[in-house]
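# Structural characterization, general
Each chain, letter by letter, is given below.
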Amino acid sequence: MHASARQAQILRVLSREGTCSVMELASQLRVSDETIRRDIKAMAARGLLERVHGGAILPDLLREPDFQKRLVRNAEAKQRIAQRVAREVRTGDSLLLDTGSTTLYVARALAEHSDLMVVTNGADIARTLAQSGRNKVYLAGGEIRGDDGAVLGAAAVDFIQSFRVRIAVLSIGAVHPEDGLMDFHLAEAEFSQAAIGRANRVIVVADHSKFGAQASVRVADFSAVHALVTDRRPSDAFVARLAEAGVELLVA
């Protein structure tokens, strides 16, 4: 395959997936990893994509889009993930949910549950789960972010130290084969790190577009969580990496 045709195919893959690893591109195009790396370098120089460790992304994907755009992106996948997570929750359970578009879908999927004790730093999540009057909901205090109603900062982290929950459900910005779980903002990563320490079982929710992507801040190793719920089986390399870390993979 000529370089121009190969690079056009790389762009088609990225347009569909948003991000892709060198290994995955080489497999799809049936060329060597080194050939893909040369293509990525040339395309990055022309501004067609951005190079990240181990792969490439479309421009601007390292900068998180606003919350309303995230809500509609891969919405069907996020709904399936949310329904799968809801099956892990029992009536009367204690939960901690962080702010995120997928965790908001999880909150909506829990509408049929009752007597939940919920701790969250998301104003929309708190309102969704409190409106039935059948749950006890605690909203962290601190500085609220206008875009998505997230409450972040030291006060929010201190607040959740008072609780112990059975399940923490955490959204994530990227799932990277080497850097593990990643997010776009330091304050979000710090909140997630604190939440991991306050739960007996930690479930990460991430649709397929998060695999192989890279964000700005490392949150945790895969071994820090118990389960990862997604909508599409990731590559064999990712499956092996999760299994090695003892993470249960749940595909909705």
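Let me begin by describing the structure that accompanies this report. Here the structure is a predicted model, which is why all the values come from computation and not from measurement. (Residues numbered from 1 in each chain as written. Predicted model: local features only at pLDDT ≥ 70, side-chain atom pairs only at ≥ 80, totals over all residues. Heavy atoms only, no water.)

This part covers the pairing of strand 15 (residues 248-251). Across four bridges, the pairing between strand 14 (residues 227-230) and strand 15 is parallel. The residue of strand 15 that forms the bridge with V229 is L250. (Pairing = 2+ DSSP bridges. Helix = DSSP H or I, 4+ residues; strand = E, 2+ residues; numbered from the N terminus.)

Attention now moves to the pairing of strand 11 (residues 180-183). Examined bridge by bridge, strand 10 (residues 174-176) and strand 11 share three bridges and lie antiparallel to one another. Its bridge partner being in strand 11, H176 is matched across the sheet by G180. Joining the antiparallel neighbours strand 10 and strand 11 is a turn of three residues. As paired elements, strand 11 and strand 13 (residues 217-220) share three bridges and run antiparallel to each other. Across the sheet, the residue bridging to L181 is A220, located in strand 13.

This part takes up the packing of helix 2 (residues 22-29) against helix 3 (residues 33-45). Contact geometry of helix 2 with helix 3 gives a least axis separation of 9 Å together with a crossing angle of 110 degrees. Considered as vectors, helix 2 and helix 3 are oriented roughly perpendicular to each other. Taken together, the residues of helix 3 that come into contact with helix 2 (itself represented by V22, M23, L25, A26 and L29) are D33, I36, R37 and I40. (Axes fitted to C-alpha atoms, helices over the stretch in contact; angles between N-to-C directions. Parallel < 35°, antiparallel > 145°, perpendicular 65-115°, else oblique. Contact = heavy atoms within 4.5 Å.)

Between side chains of opposite charge, a pair can form as their charged atoms come close. What the rule picks out here adds up to 12 salt bridges. Note that E88 and R84 form a salt bridge whose closest N and O atoms lie 2.8 Å from each other. Across the salt bridge formed by R145 and E188, the nearest N and O atoms sit 2.4 Å from each other. Of this pair, R145 sits in the loop between strand 7 (143-144) and strand 8 (151-152) while E188 sits in helix 9 (residues 186-196), and the two are 43 residues apart along the sequence. (Salt bridge = Lys/Arg side-chain N within 4 Å of Asp/Glu carboxyl O.)

Now for helix 6 (residues 101-109). Across the nine residues that make up helix 6, a large majority, eight, are buried. All of the buried residues along helix 6 are S101, T102, T103, L104, Y105, V106, A107 and A109. (Buried < 20%, exposed > 50% of the residue type's maximum accessible area, 1.4 Å probe, protein only.)

Another point: helix 10 (residues 236-244). Along helix 10, the residues that are buried comprise F238, V239 and L242. Within helix 10, the buried residues cover an arc of 100 degrees as seen down the axis, which keeps them to one side. For helix 10, the exposed residues lying more than 90 degrees away from the buried face are D236, A243 and E244. Along its buried surface, helix 10 packs onto strand 10, strand 14 and strand 15. (Arc of directions from axis to C-beta.)

In space, the three strands of this open sheet follow the order 10-11-13, with antiparallel pairing throughout. Looking at which strands have only one partner, the edges of the open sheet turn out to be strand 10 and strand 13. Adjacent strand axes in the sheet meet at a mean angle of 40 degrees when their direction is disregarded. Where helix 9 meets the sheet, its contacts fall on strand 11 and strand 13, and the angle it forms with strand 13 comes to roughly 5 degrees.

The subject of this paragraph is the sheet that holds strand 12 (residues 199-205). One open sheet accounts for seven strands, arranged 6-5-4-9-12-14-15; its pairing is parallel. The strands lining the two open edges of the sheet, one partner per strand, are strand 6 (136-139) and strand 15. The sheet shows a mean angle of 20 degrees between the axes of neighbouring strands, direction not considered. By the bridge criterion, six bridges tie strand 9 (residues 165-171) to strand 12 in an arrangement that is parallel. Considered in strand 12, the bridge of L170 is made with V204. Lying on the sheet, helix 7 (residues 123-130) is in contact with strand 4 (94-97), strand 5 (117-120) and strand 6; it crosses strand 6 at an angle near 165 degrees. In the packing of helix 9 onto the sheet, contacts are made with strand 4, strand 9 and strand 12, and the angle to strand 9 comes to roughly 155 degrees.

Centre-to-centre distance and the angle between the planes together describe a pair of aromatic rings. Counted under the stated rule, the structure contains three aromatic pairs. Arranged with centres 5.1 Å apart and planes meeting at 50 degrees, the rings of Y138 and F163 form a pair that is tilted. Residue Y138 is located in strand 6, and its partner F163 is located in the loop between helix 8 (154-160) and strand 9; the two are separated by 25 residues in the primary sequence. For Y138, a relative accessible area of 30% puts it in the partly exposed group. Relative accessible area serves as the criterion here: at 14%, F163 is assigned to the buried category. Centre to centre, the rings of F159 and F163 are 5.3 Å apart; their planes meet at 50 degrees, and the pair counts as tilted. With a relative accessible area of 25%, F159 lands in the partly exposed category. Connected via pairs of aromatic rings, a cluster forms that spans Y138, F159 and F163. Over the ring of Y105 we find R108; its NZ or CZ atom is 5.4 Å from the centre of that ring. (Phe/Tyr/Trp six-rings, centres within 6.5 Å; stacked < 30°, edge-to-face > 60°. Lys NZ or Arg CZ within 6 Å of the ring centre and 35° of its normal.)

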